[in-house]
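# Survey of secondary and tertiary structure
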Amino acid sequence: MKVGVLALQGDFDAHRKRLEELGAEVVLVRRPEQLDEVDALVIPGGESGTFLKLLGEQGLEKLKQFVRAKPTFGTCAGAILLANQVENPHQPGLGALDITIRRNAYGRQLDSSIRQAETTLGGDPLEMVFIRAPKIERVGRAVEVLAREGNDPVLVRQGNVMAATFHPELSEDKRVHAAFLELVRKR
Amino acid sequence: MSEKNGSGSLRLKTGLAEMLKGGVIMDVTNAEQATIAERAGAVAVMALERVPAQIRAEGGVARMASPKKIREIMEAVDIPVMAKCRIGHFAEAQILQALGVDYIDESEVLTPADEAHHVDKHGFTVPFVCGARNLGEALRRIAEGAAMIRTKGEAGTGDVVHAVKHMRQIMQEMRELTVLRDEELYARAKDLQAPYELVRLVAREGKLPVPNFSAGGIATPADASLVMQLGAESVFVGSGIFMQDSSNFAPPEEAERRARAIVRATTHYNDPKVLLEVSEDLVGAMKGLAVAAIAESEMLQKRGW
């Protein structure tokens, strides 16, 4: 099983380390044709606008086809890319998750925080690192909410697509990545 | 120091730096330039009154930019906004934190406010980046609470030579630590004038405990690739994008082309085919100033200790 990590920009190396700890073979994906080599993809945290510029129209199109066919997991900027509606500002995306997401919804870096919340993954509450995080403001009927922080959905799944508005790759807890790899194996 | 997970903890501070990895942070002096930088794919902007090349050419005391100017830039873009305070000027840093900037650069580009002390950065919620020329300097800044290091290079020159020198120096000193015996680390910490605990940490991990970016003279896509291949995790581009020479701005379309090219080169730093492609699209680069022609007393990198 080969798992790609989109490595255009952002904390892709933290995802690589975590996935390798869990036994996955990781490919850092920088060119569209590399998507043909991998069985699943992680879109890391970073700047979603920068990702879009670096993907270009062609890369975005190729990625759209990929996320319809294979398991994909996005954190923070990755969740923004996967959403079918983005606010503040409005921007294009992959339309793979029926959610509305608002960029920088908590404020600036001074409002970044580390919190704890219950999840459906089993076990103790999960540590969640929010950095200039987006907020999921609407979830469609087909979307399963795996965790909320306060009233806000922060970890969601729709079919083969998972997204977190926080950064499980920056915590020690491996449960979120393990759940994604489980999704990949089940296919 | 803030508690482990509280607001302003080191994990949150370095966390934002993690998000900036593989990206380009661009110096801007107004909302228009900030918008161009964001459109070109910058991961953050550094809000300044004058870029380093102008500061170098015009002289005088260089201070924190006016909060009004910084706010105008914060309102113009959605990406993180950084701003510089003078070395040791904790009051400027307090003002920048109250303003809500996302990162403070305690920078040698501005005129130092203290000849012996840097800002105690642990006391702040906002994260700090600091310049360094060697491992000892980097570790002293980290001990004071810096959440990101950038190699100093020689700002405002468009000459990459000292960005290369400082990156090589730090990478080499870290490699050397990894082969020392445990008891040798105590003497090495003394030589480096850095806390033993940090020296031991680097010896074990082979890298700094915070992200290490490159700055000071990067002007072309090839320069960005060079410092990334030498071990930088991101690049700061100062005067190289928006300046034609040390006192005139480049036309906006040209600045945007340069900015896009450097962004792509930083992502694809290991792919000469892409580097060729982005380099071919460019018409020119900042005229620049050779570092070798600058008197030692005029060097910005000597500021800070």
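For the structure, check the block above.
To keep things clear, this report deals only with the structure shown in the data block. (Residues numbered from 1 in each chain as written. Chains lettered and ligands numbered in written order. Predicted model: local features only at pLDDT ≥ 70, side-chain atom pairs only at ≥ 80, totals over all residues. Heavy atoms only, no water.)

Turning our eyes to something else, we now look at the overall build of chain B. A tally of regular secondary structure across chain B gives 13 helices and eight strands. Compactness check: chain B gives a C-alpha radius of gyration of 18 Å against a globular reference of 19 Å for 305 residues, within 12% of the reference. Reported as C-alpha extents along the three principal axes, the dimensions of chain B are approximately 55 × 45 × 40 Å. Out of the 305 residues belonging to chain B, those deemed buried represent 59%. (Helix = DSSP H or I, 4+ residues; strand = E, 2+ residues; numbered from the N terminus. Rg over C-alpha atoms; globule rule 2.2 N^0.38 Å. Buried < 20%, exposed > 50% of the residue type's maximum accessible area, 1.4 Å probe, protein only.)

By convention here, two paired aromatic rings are described through the distance between centres and the angle between planes. With the rule as written, the count across this model stands at six aromatic pairs over all chains. Ring geometry for F73 of chain A against F180 of chain A: centres 5.5 Å apart, planes inclined by 35°, an arrangement best described as tilted. Residue F73 of chain A is found in strand β4 (residues 72–75), and its partner F180 of chain A is found in helix α4 (residues 175–186); the two are separated by 107 residues along the sequence. Taking the centre distance of 4.2 Å and the plane angle of 10° together, the rings of Y186 of chain B and Y196 of chain B count as stacked. Note that Y186 of chain B is positioned in helix α8 (residues 184–192) and Y196 of chain B in helix α9 (residues 196–205), a separation of 10 residues in sequence. (Phe/Tyr/Trp six-rings, centres within 6.5 Å; stacked < 30°, edge-to-face > 60°.)

With that settled, the discussion passes to the sheet that holds strand β3 (residues 40–43) of chain A. All names here are of chain A. Ordered by their spatial adjacency, seven strands build an open sheet running β2-β1-β3-β4-β12-β11-β10, and the pairing between neighbours is mixed. Of all the strands in the sheet, the pair left with one neighbour each is β2 (25–29) and β10 (144–149). The mean inter-strand angle of the sheet, taken between neighbouring strand axes irrespective of direction, is 20°. In this fold helix α2 (residues 48–69) packs onto β1 (2–6), β3, β4 and β12 (161–164), with an angle of close to 145° to the strand it touches most, β3. (Pairing = 2+ DSSP bridges. Axes fitted to C-alpha atoms, helices over the stretch in contact; angles between N-to-C directions. Contact = heavy atoms within 4.5 Å.)

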